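# Per-entry structural report
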Amino acid sequence: MAIIVQKYGGTSLQTTERIRQAANRIIGEREKGNQMVVVVSAMGDSTNHLEQLSREVSSCTNGREKDLLLSTGEQVSCALMALALQEKGQAAIAMTGEQAGIEVEYLHGNAKVTAIHTKCMKKELQKGKVVIVAGFQGVAANGELCTLGRGGSDTTAAALAAALKADRCDICTDVDGVYTADPRVILNAAIYSYMDYDSLLTMAEMGAGVIHPRAVAHAKEYQVPLVIRSSFSEHEGTWISKDTSISSVAGVTYQKNLCHVRLFGRRMKKEKILRRMKDSGVIGTKDVHAHLDELLAVVKKDDLDQTISMLDSYKDQLGVQTIQTEIQKAAIHLIFVNEEEKRKQTALMNEKKFMPLEDVHSIDSHPAVWSVSVQEEYGSDMARRVYDVFMTENHHKFPLAY
Ligand code: ADP
Ligand code: ASP
Ligand code: MG
């Protein structure tokens, strides 16, 4: 019997009606003779709502109680999904991350999965039950519940699929598959029928919200066939494996809610600063004036406080005299299949060509990615321009399903 892991995202579970519809899909797979493990996210945008509640009572952005709070969203969905399946006559059991045997590192708000003990899930599968697991959570060795970072249910699914040696891991979402760019921003983006792990990993790392980057890394490590597909349509989705026929550019990604951190100092230890910044999740950097002692870093608004306090604590050691921040920035990334392809296209990539604005900076982000940062108000226009120059003309070169 094949084991299939299916993950349903928030939009796919927004209402009880949608939960019942997803339950029908699960039963459909079960009736084909597959054993089913289903990972669920919180309903709709309830995780945002829970975050808002925590902000109303506390300025603490991460921690034990915040994880306890956020993880409830997935527990609601998983209990409701099991009840919906049982109501339709399909035996099912709901499990928290801990009950499913998901062990994680002890890090609130962004823990990595370290081990999965599959015994309990396998016992229930043997009894003919569909196993429903609450995504986005696990238990650390000290017994503490930790969450996996926003979008982390994808990672739960890929990690479970790897541990169970599943035949397939479906990420069921609100688009038909992986596109060459976010189809809600770039309306003429084209859908991939198949794609390789590495290209998807880079797209995800650079902000393509369709899948959590750690999920792709788990699937790649254990060579789990991954399918990104819609919860609503019959489209066959995008199949991810190790083979590719993408020749040069994989896609464009666009990130909002970013900030600039500008560092000034006569004798700044730039190399050291850049290394520290990379380690603390900075999106991109630029040595603005090689001789004028200014560095620019682009960070997520959510990471700003952490970055500033890291810099503050090493300020003297790193030779930083002044730190300035600017909000409402965006970044556009052009994802090449490798460094070599990026190098070949360098001549085309003059940022001024795309938009003659003062405030456009090309930034260093990832070896295979060309990135610019821009004022947020121009971000989506800039993304469309970059897309038109590099992608629209080249659609015929990709393994796309139009
Ligand atoms: P879920 O709740 O199912 O996890 P998400 O909102 O996290 O769904 O991810 C799906 C969304 O990802 C889509 O609605 C789409 O707007 C966005 N997205 C961003 N980049 C891409 C891309 N390259 N291909 C497809 N969707 C993308
Ligand atoms: N519910 C969590 C979030 O909104 C995890 C997930 O959906 O994957 O980030
Ligand atoms: Mg998601």
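Here the structure is a predicted model, which is why all the values come from computation and not from measurement.

## Looking at the UniProt feature "binding site: ATP" (unreviewed entry) in the chain
UniProt annotation of "binding site: ATP" (unreviewed entry) refers to Lys7, Tyr8, Gly9, Gly10, Thr173, Asp174, Tyr179 and Arg184 when read in the numbering used here. If you trace the backbone, Lys7 turns up in strand 1 (residues 3–8). Given the relative accessible area of 8%, Lys7 is considered buried. With residues up to four places along the chain from it excluded, the contact list for Lys7 reads Val39, Ser41, Ser153, Asp154, Ala157, Asp170, Ile171 and Cys172. A distance of 2.7 Å separates the side chain of Lys7 from the side chain of Asp154, its partner in a polar contact.

## Remarks on empty space enclosed by the protein
Enumeration according to the criterion identifies one cavity of 30 Å³ or more in this entry. Considered as a void within the structure, the largest cavity measures approximately 40 Å³ in volume. In this structure, the largest cavity is lined by Met277, Lys278, Val282, Ile283, Gly284, Thr285, Asp364 and Ser365. Classifying every residue of the lining of the largest cavity by side-chain character gives three nonpolar, three polar and two charged.

## Description of the site of ligand 2
Every residue close to ligand 2 is listed here: Ser41, Ala42, Thr47, Glu74, Phe136, Arg150, Gly151, Gly152 and Ser153. Measuring from a nitrogen atom of ligand 2, one finds a side-chain N or O atom of Thr47 at 2.8 Å. Contact distances for ligand 2 include 2.6 Å between an oxygen atom and a side-chain N or O atom of Arg150.

## Thoughts on the packing of helix 7 (residues 153–163) against helix 9 (residues 213–221)
In a packed pair of helices, the relevant descriptors are the angle between the two axes and the axis-to-axis distance. Contact geometry for helix 7 and helix 9: axes closest at 7 Å, N-to-C directions at 10°. Between helix 7 and helix 9, the interaxial angle falls into the category roughly parallel. Residue-level inspection shows Asp154, Thr155, Ala158 and Ala159 of helix 7 in contact with helix 9, the latter providing Arg214, Ala215, His218 and Ala219. Partitioned by chemical class, the residues of the contact of helix 7 with helix 9 number four nonpolar, two polar and two charged.

## Quick look at the packing of aromatic side chains
Under the criterion given, the structure shown has one aromatic pair. Between Trp370 and Phe390 the ring centres are 6.5 Å apart and the planes differ by 45°, which places this aromatic pair in the tilted class. One end of the pair, Trp370, is in strand 19 (residues 369–375); the other, Phe390, is in helix 14 (residues 376–390), with 20 residues separating them in the sequence. Residue Trp370 shares its accessibility class with Phe390, and that shared class is buried. One cation-aromatic arrangement involves Arg276 over Tyr314; the distance from NZ or CZ to the ring centre is 3.8 Å.

## Quick notes on the site of ligand 1
The local shell around ligand 1 holds 18 residues, among which Thr173, Asp174, Tyr179, Asp182 and Arg184 are the closest. Between ligand 1 and the protein, one listed contact pairs an oxygen atom with a side-chain N or O atom of Thr173 at 2.7 Å. At a separation of 3.0 Å, a nitrogen atom of ligand 1 approaches a polar backbone atom of Tyr179. Against a free-state accessible area of 580 Å², the protein chains account for coverage of 82% of ligand 1. Residue composition of the shell around ligand 1, by class: eight nonpolar, six polar and four charged.

## A word on the sheet that holds strand 16 (residues 294–300)
Strand order in the open sheet formed by six strands is 15-16-14-17-19-18, and the pairing between neighbours is antiparallel. In this open sheet, the two edge strands, each paired with only one partner strand, are strand 15 (284–289) and strand 18 (361–363). Each adjacent strand pair in this sheet contributes to an overall mean axis angle of 35°, direction not counted. Along the sheet, helix 8 (residues 197–205) makes contact with strand 14 (249–264), strand 17 (322–336) and strand 19, crossing strand 14 at roughly 35°. Here helix 11 (residues 304–318) sits on the sheet and contacts strand 14, strand 16 and strand 17; the angle it forms with strand 17, its principal contact strand, is near 120°.

## Details of helix 2 (residues 46–57)
Taking 1.5 Å per residue as the helical rise, helix 2 with its 12 residues ought to reach 16 Å, and the 17 Å between its terminal C-alpha atoms agrees with that figure. Within helix 2, burial applies to Thr47, Leu50, Glu51 and Ser54. Buried residues of helix 2, viewed axially, fall in a sector of 100°; they line one side. Exposed side of helix 2, more than 90 degrees from the buried face: Arg55 and Glu56 are the residues found there. For helix 2, the elements touching its buried residues are helix 3 (64–70) and helix 4 (72–87).

Each value, and the rule that gives it
- Residues numbered from 1 in each chain as written.
- Chains lettered and ligands numbered in written order.
- Predicted model: local features only at pLDDT ≥ 70, side-chain atom pairs only at ≥ 80, totals over all residues.
- Heavy atoms only, no water.
- UniProt positions renumbered as here; feature names shortened; annotations may be inferred.
- Helix = DSSP H or I, 4+ residues; strand = E, 2+ residues; numbered from the N terminus.
- Buried < 20%, exposed > 50% of the residue type's maximum accessible area, 1.4 Å probe, protein only.
- Contact = heavy atoms within 4.5 Å.
- Polar contact = N/O pair within 3.5 Å; in protein donor to acceptor, adjacent residues only side chain to side chain.
- 1 Å grid on protein atoms, 1.4 Å probe; cavity = no way out; pocket = protein on both sides within 12 Å on 5 of 7 lines; lining within 4 Å.
- Points joined across faces, edges and corners; volume = space filled by probe spheres on them.
- Nonpolar A, V, L, I, M, F, W, Y, C, P; charged D, E, K, R; others polar.
- Near = heavy atom within 4 Å.
- Axes fitted to C-alpha atoms, helices over the stretch in contact; angles between N-to-C directions.
- Parallel < 35°, antiparallel > 145°, perpendicular 65-115°, else oblique.
- Phe/Tyr/Trp six-rings, centres within 6.5 Å; stacked < 30°, edge-to-face > 60°.
- Lys NZ or Arg CZ within 6 Å of the ring centre and 35° of its normal.
- Areas by Shrake-Rupley, 256 points an atom, 1.4 Å probe, with all protein chains shown as cover.
- Pairing = 2+ DSSP bridges.
- Expected span 1.5 Å × (residues − 1).
- Arc of directions from axis to C-beta.

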